[in-house]
Amino acid sequence: MSVQCSLSVPFAERRFIIMITVCNHNMCTGCMACVSQCSHHAIEIKNDIDAYNAMIQEEKCKRCNLCFDICPVNHPVQNNAPLKWYQGWANEESIRANASSGGVATSIADYVINKGGIVFSCVFHKGKFIFKMASTREELKQFQGSKYVKSNPMDIYRDIQHWVRLAENIPVLMIGLPCQIAGVKRAIPKKYSERLLTVDLICHGTPAPQILERFMAQYGLNLSEIKKISFRSKSHFQVDPLGSEKVISIPGVADCYMRAFLEGIVYTENCYQCPYARKERISDVTVGDSWGTELRQEMVSGVSLILCNTERGVELVENADLTLHEVNIQNAIANNQQLNQPISCPTKRRQFMRAIRKGMPFNRALARYFPLIYLRYVLKRIYIMLPVDPLKKHSGGYKDNLWH
Ligand SMILES: Cc1cc2nc3c(=O)[nH]c(=O)nc-3n(C[C@H](O)[C@H](O)[C@H](O)COP(=O)(O)OP(=O)(O)OC[C@H]3O[C@@H](n4cnc5c(N)ncnc54)[C@H](O)[C@@H]3O)c2cc1C
């Protein structure tokens, strides 16, 4: 049996336990490829908030090794240097307006739907960040917007497998985080996976959903009771439970969740060693934000950075209803660290996570272990309320010029 054996020392228990995991200890991305393919239901994802592990339950395991073989952490997916780089946005105003960035992901999805295809991507549903299928333009709306949290693609493996096998002429597109695209690509037999069109997002890293739950709980909000949630409106990064009367932060100030997210404090352990944080990509198309663009006046409405990594990707991008501009590649890379390397793990992250696990309120834990970041948040709240020219106020993005 070629599964790996890892030693774990959970803080809560403070003793050694032995875990048999599909990939290296704490390196699970939560892509769910192994869980979805194990017909013996022998794998369970252990979520310790600061790390995921795919645990093999020995009593159910039939030693087939399938989980080990398909795991993209054990067997990396091939990547490609981009063939073309663009920056741009959706021509359809409503798509651009409702998107986090330029609405490029949705426009590509729209193109696929118009060709009679189907699209799989992430939705917020009953407190969970899961994946669903869309076959109409109307259904695409549920996907719009970035959810800055680890989503769960478990439900779509079977459907994607079904559709790519069944329908040679129906385009099937998946939009997701690079680690999720890798999981699906590994799980589907190669001859079928080549039929799958893929769009991945440039990714900073993802926190476990429990981190968001803890943050919301401070404001008396229960994630499972919230109907809609937004994390961002263009360059305003704020958790916004849409439709709720509770306001978490004042407009223009990134709240403590988004601060901790942007500073890289709250991700699961694997994200700090992410193999996808590079310019060579595993999907047909990669989309992110065009930080550092010279098209500054367009940033208010959203400008996406677009990497076409395969011929199919070039075709998708050039045929979708998009406004495309050339982009200075060196400048784009310099302004988007995740195209070079994963974010580094802050020194006090471990203590912060331990405090969160023990039940310390989110904002208090941030103030205790990252006092400077918390102080900046407080100062920003004060600054935003001062009678200064509003155009001079920044709202906090992946790069917040006010503070960095
Ligand atoms: C966790 C996370 C970290 C990111 N980090 C960076 C970064 O460091 N630099 C950068 O340039 N861009 C980053 N992005 C990408 C950026 O936020 C936009 O999603 C991207 O530019 C696409 O914008 P759009 O307007 O084209 O998307 P839209 O047209 O609004 O479509 C967004 C698509 O992404 C899918 N999606 C959203 N959230 C998730 C999720 N959690 N899991 C899976 N799929 C999801 C949606 O379902 C939808 O299909 C990140 C996105 C996420 C979710």
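Residues numbered from 1 in each chain as written. Predicted model: local features only at pLDDT ≥ 70, side-chain atom pairs only at ≥ 80, totals over all residues. Heavy atoms only, no water.

**Points about the environment of Gln-338**
Then step 1. When you line up the elements, Gln-338 lands in the loop between α13 (329-334) and α14 (349-357).
Then step 2. Exposure remark for Gln-338: the relative accessible area of 4% places this residue in the buried category.
Then step 3. Measuring from C-alpha to C-alpha, the distance between Gln-338 and Lys-126 comes to 31 Å, with 212 residues separating the pair along the chain.
Then step 4. With residues near it in sequence (within four places) discarded, Gln-338 still touches Ile-202, Cys-203, His-204, Tyr-276, Ala-277, Arg-278, Arg-281 and Ile-343. (Helix = DSSP H or I, 4+ residues; strand = E, 2+ residues; numbered from the N terminus. Buried < 20%, exposed > 50% of the residue type's maximum accessible area, 1.4 Å probe, protein only. Contact = heavy atoms within 4.5 Å.)

**Examining the pairing of strand β11 (residues 236-240)**
Consecutive side chains along a regular strand alternate between the two faces of the sheet.
Then step 1. The sheet contact formed by strand β10 (residues 230-233) and β11 spans 3 bridges and is antiparallel. Considered in β11, the bridge of Ser-233 is made with His-236.
Then step 2. The turn linking β10 back onto β11 is made up of 2 residues, and Lys-234 within it adopts a positive phi angle of 55°. (Pairing = 2+ DSSP bridges.)

**Some thoughts on the domain arrangement of the protein**
By a widely used convention, the size of an interface equals the accessible area lost when the partners come together.
Then step 1. For the protein, the assigned domains are domain 1 (4-70), domain 2 (84-206 + 269-335) and domain 3 (209-266 + 343-392).
Then step 2. Taken together, the contact pairs 24 residues of domain 2 with 24 residues of domain 3.
Then step 3. Buried surface at the junction of domain 2 and domain 3, summed over both partners, amounts to about 2,000 Å²; 57% is from carbon and sulfur atoms.
Then step 4. Contact with domain 3 buries area across many residues of domain 2, yet Tyr-148, His-204 and Tyr-272 alone supply 40% of it, more than any other trio.
Then step 5. Our count for the contact surface shared by domain 2 and domain 3 stands at 2 salt bridges.
Then step 6. Note that Asp-289 is salt-bridged to Arg-232, the shortest N-O span being 2.5 Å.
Then step 7. Applying the counting rule to domain 2 against domain 3 returns 8 residue pairs in polar contact (both at pLDDT 80 or more).
Then step 8. For the side of domain 2 that touches domain 3, the residue count by class is 9 nonpolar, 9 polar and 6 charged. (Domains from an automatic or database assignment. Buried area = accessible area lost by both parts, 1.4 Å probe. Salt bridge = Lys/Arg side-chain N within 4 Å of Asp/Glu carboxyl O. Polar contact = N/O pair within 3.5 Å; in protein donor to acceptor, adjacent residues only side chain to side chain. Nonpolar A, V, L, I, M, F, W, Y, C, P; charged D, E, K, R; others polar.)

**Notes on the packing of aromatic side chains**
Then step 1. In total, this model carries 15 aromatic pairs according to the counting rule given.
Then step 2. Positioned over the ring face of Tyr-52 is Lys-150, at 5.4 Å from the centre of the ring. (Phe/Tyr/Trp six-rings, centres within 6.5 Å; stacked < 30°, edge-to-face > 60°. Lys NZ or Arg CZ within 6 Å of the ring centre and 35° of its normal.)

**Observations concerning empty space enclosed by the protein**
Over the atoms, a rolled probe matching the size of one water molecule traces out where space is still vacant.
Then step 1. Overall, the coordinates contain 1 cavity of 30 Å³ or more when judged by the stated rule.
Then step 2. In this model, the largest cavity occupies a volume close to 90 Å³.
Then step 3. For the largest cavity, the lining is made up of 14 residues, of which Cys-28, Cys-31, Cys-34, Cys-71 and Pro-72 are closest to its centre.
Then step 4. The class makeup of the residues in the lining of the largest cavity is 12 nonpolar, 2 polar and no charged. (1 Å grid on protein atoms, 1.4 Å probe; cavity = no way out; pocket = protein on both sides within 12 Å on 5 of 7 lines; lining within 4 Å. Points joined across faces, edges and corners; volume = space filled by probe spheres on them.)

**Description of unusual backbone geometry**
Then step 1. Of note, the phi angle at Asn-26 is positive, near 70°, even though the residue is not glycine.
Then step 2. Along the polypeptide, Asn-26 turns up in the loop between β2 (17-21) and α1 (33-37).
Then step 3. Positive phi is not limited to glycine here, since Asn-65 has a value of about 70°.
Then step 4. With respect to the helices and strands, the residue Asn-65 is situated in the loop between β4 (52-56) and α2 (66-70).

**A word on the site of the ligand**
Then step 1. What surrounds the ligand is a group of 39 residues, the closest being Gly-103, Thr-106, Ser-146, Tyr-148 and Asp-289.
Then step 2. Measuring from an oxygen atom of the ligand, one finds a backbone N or O atom of Gly-103 at 2.7 Å.
Then step 3. With respect to the ligand, the backbone of Lys-147 contributes an N or O atom lying 2.8 Å from a nitrogen atom.
Then step 4. In isolation the ligand offers 910 Å² of accessible surface; the protein chains occlude 100% of this area.
Then step 5. Broken down by secondary-structure element, the contributors of at least two residues to the shell around the ligand are α4 (104-114), β6 (118-125), β8 (172-176) and β12 (285-289).
Then step 6. In the shell around the ligand, the residues fall into 17 nonpolar, 19 polar and 3 charged. (Near = heavy atom within 4 Å. Areas by Shrake-Rupley, 256 points an atom, 1.4 Å probe, with all protein chains shown as cover.)

**Some points on the sheet that holds β8**
Then step 1. Here 8 strands make up an open sheet; going across it, the order is β7-β6-β8-β9-β12-β13-β5-β14 and the pairing mixed. One side of each edge strand has no neighbouring strand; the edge strands of this open sheet are β7 (128-134) and β14 (322-325). The sheet shows a mean angle of 30° between the axes of neighbouring strands, direction not considered.
Then step 2. Here strand β9 (residues 196-201) runs beside β12; their pairing, made up of 3 bridges, is parallel. Directly across from Val-199, in β12, lies its bridge partner Val-285.
Then step 3. Of the strands in this sheet, β5 (84-90), β6, β7, β8, β9, β12, β13 (304-308) and β14 are in contact with α4, which crosses β8 at around 165°. (Axes fitted to C-alpha atoms, helices over the stretch in contact; angles between N-to-C directions.)

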